[in-house]
Amino acid sequence: EMGVGKPISAGLIFVSIFCLACLIFVPFGARCLLTLPLMLAAMLVGYFDDRRGGFSEYQLAVMDAAIAVGAAMVIYGFEPVALWLPIWKGTLILGPWLSIPLASGIIWLSINATNCSDGVDGVSGSLTGTAILLLGGLLYAVLGNEVVAGHLNVPFTREGANWAIMAFLMVGCVAGYLWYNAAPSLVLMGDAGSRPLGLLIGMLVVATNNPLFLLLVGSVILMNGATGLVKVALLRFFGL
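Residues numbered from 1 in each chain as written. Predicted model: local features only at pLDDT ≥ 70, side-chain atom pairs only at ≥ 80, totals over all residues. Heavy atoms only, no water.

Enquirer: Is there a simple way to think about the packing of aromatic side chains in this case?
Expert: Remark: the centre distance and the inter-plane angle together describe each pair of aromatic rings, the angle taken between the planes. Evaluation of the coordinates by the stated rule reveals three aromatic pairs. Note on F14 and Y177: the rings are 5.4 Å apart at their centroids and 40° apart in plane angle, and the pair reads as tilted. Pair noted here: F14 is in helix α1 (residues 11-25) and Y177 is in helix α7 (residues 160-180), with a separation of 163 residues, a long-range link. Taken as a pair, F14 and Y177 share a single burial class, namely buried. Between Y47 and F48, the aromatic rings sit 5.2 Å apart at their centres with planes inclined by 65°, giving edge-to-face as the arrangement. (Phe/Tyr/Trp six-rings, centres within 6.5 Å; stacked < 30°, edge-to-face > 60°. Helix = DSSP H or I, 4+ residues; strand = E, 2+ residues; numbered from the N terminus. Buried < 20%, exposed > 50% of the residue type's maximum accessible area, 1.4 Å probe, protein only.)

Enquirer: For this particular structure, what's the right way to read the state of the cysteines?
Expert: In a disulfide, the sulfur atoms of two cysteines are covalently bonded to one another. On inspection of all chains with the given rule, the structure shows zero disulfides. Note on C22: no disulfide assigned, nearest cysteine sulfur contributed by C19 at a separation of 6.3 Å. Classification of C22 as buried rests on a relative accessible area of 0%. Of all cysteine sulfurs, the one in C22 lies closest to C173, which takes part in no disulfide; the gap is 7.8 Å. Owing to a relative accessible area of 12%, C173 belongs among the buried residues under this scheme. (Disulfide = S-S within 2.5 Å.)

Enquirer: Would you mind going over helix α2 (residues 36-50) with me for this structure?
Expert: Because an α-helix completes one turn every 3.6 residues, residues spaced three or four positions apart along the sequence face the same direction. If you check α2, its first and last C-alpha atoms are 21 Å apart, about what 15 residues at 1.5 Å a residue would give, namely 21 Å. Along α2, the positions that sit buried rather than exposed are L36, L38, M39, A42, M43, V45, G46, D49 and D50. (Expected span 1.5 Å × (residues − 1).)

Enquirer: Hey, could you run me through the pattern of salt bridges in this one?
Expert: Pairing is possible between side chains that carry opposite charge, provided their charged atoms lie close to one another. In this structure the tally under the stated criterion is one salt bridge. With a shortest N-O distance of 2.4 Å, R195 and D64 are connected by a salt bridge. Taken as a pair, R195 in helix α8 (residues 190-207) and D64 in helix α3 (residues 57-76) lie far apart in primary sequence, 131 residues in all. (Salt bridge = Lys/Arg side-chain N within 4 Å of Asp/Glu carboxyl O.)

Enquirer: Any chance you could explain the packing of α3 against helix α4 (residues 96-116) here in plain terms?
Expert: Think of two packed helices as two axes; the pair is described by the angle between the axes and how far apart they sit. Contact geometry for α3 and α4: axes closest at 8 Å, N-to-C directions at 130°. Here α4 runs oblique to α3, going by the angle between their axes. Of the two elements, α3 crosses α4, and the hand of that crossing is right-handed. On the side of α3, the interface is formed by A61, D64, A65, I67, A68, V69, A71, A72, M73 and Y76, while α4 contributes S99, I100, A103, S104, I107, W108, I111 and N112. (Axes fitted to C-alpha atoms, helices over the stretch in contact; angles between N-to-C directions. Parallel < 35°, antiparallel > 145°, perpendicular 65-115°, else oblique. Left-handed = near helix turned anticlockwise from the far one by under 90°. Contact = heavy atoms within 4.5 Å.)

Enquirer: Explain unusual backbone geometry to me, please; I cannot follow it from the model alone.
Expert: Trans is the common state for peptide bonds, and a negative phi is the common state for residues other than glycine. Unlike most non-glycine residues, N153 shows phi in positive territory, near 60°. Considering the arrangement of structural elements, one finds N153 in the loop between α6 (146-151) and α7. With a phi angle near 65°, N209 is a residue other than glycine that sits in the positive phi range. Assignment of secondary structure puts N209 in the loop between α8 and α9 (213-217).

Enquirer: Would you mind showing me how to read the nonpolar core here?
Expert: One broad trend across soluble globular proteins is that nonpolar side chains are buried collectively. Ranked by size, the top nonpolar core spans 69 residues in total, and within it F14, F18, I132, W163, M170, L199 and M203 carry the most contacts. Sequence-distant contacts of M203, defined by excluding residues within four places in its chain, comprise T35, M39, A71, I75, I107 and W163. (Core = buried A, V, L, I, M, F, W, Y, C linked by side-chain atoms within 4.5 Å.)

Enquirer: Even after reading the chapter, I still don't get α3, so can you show me in this structure?
Expert: Look at α3: 28 Å from first C-alpha to last across 20 residues, which is about the 28 Å you get at 1.5 Å a residue. Along α3, the positions that sit buried rather than exposed are L60, D64, I67, A68, G70, A71, A72, V74, I75 and Y76. Next to the buried residues of α3 lie α2, β1 (81-83), α4, α7 and α8.

Enquirer: For this particular structure, what's the right way to read the environment of C19?
Expert: As for its position among the elements, C19 is in helix α1. Classification of C19 as buried rests on a relative accessible area of 6%. Linking C19 and M39, residues 20 residues apart in sequence, is a C-alpha distance of 8.0 Å. Every residue in contact with C19, bar those within four places of it in the chain, is listed here: L36, M39 and L40.

Enquirer: What exactly am I supposed to notice about the environment of L109 here?
Expert: Among the structural elements, L109 can be located in helix α4. In this structure, the C-alpha to C-alpha distance between L109 and L199, residues 90 residues apart in sequence, is 9.1 Å.

In structure tokens, the structure reads:
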């Protein structure tokens, strides 16, 4: 295997640096900072899963679901949410009993799809970095800008700029990791890196209030990860 003999869980380093950088650069009191404990939780779940004899698929699914629900509640709270879709002219108002399960599902899918894409860290890191960069740009320049959002007739995201800062900080952390790990590859990010990356992508998509952005920015990750999820399901349930 490609990862044999290499140190694993390098994600512990760059995710920890990311959380520290967020505390320094994101305005104090920003709601998105409340998701940092969940990023650390995803990192630790990944770290313990990287170790020999990690968790079963069922244990991981439950822990991912708990993290996803927590993140959805932090982002949306318990207030009605205005979702928007590219073809739909108006906005779709969802109550918390619908918006939180939907957001949790998006985040759960993102964590697992990204997790299934790791192994070749150069591919995984560059794909996730690109997706996070695109979402950050969108949240900063379009959805987080009241003038532009109004001109394009999309809902203004008050926390957009703060989410964008988090996105750009993670892009910097991943870029530093990829630069250090350029050929010859020395370490692997492992689940300790891929799970928090997937969590952040899911949270950024939820923050845009447009669930279809997961398909737009993460299509390659999702296709790669979905095939991995299907393979695991077939092996687990049908013994194929």
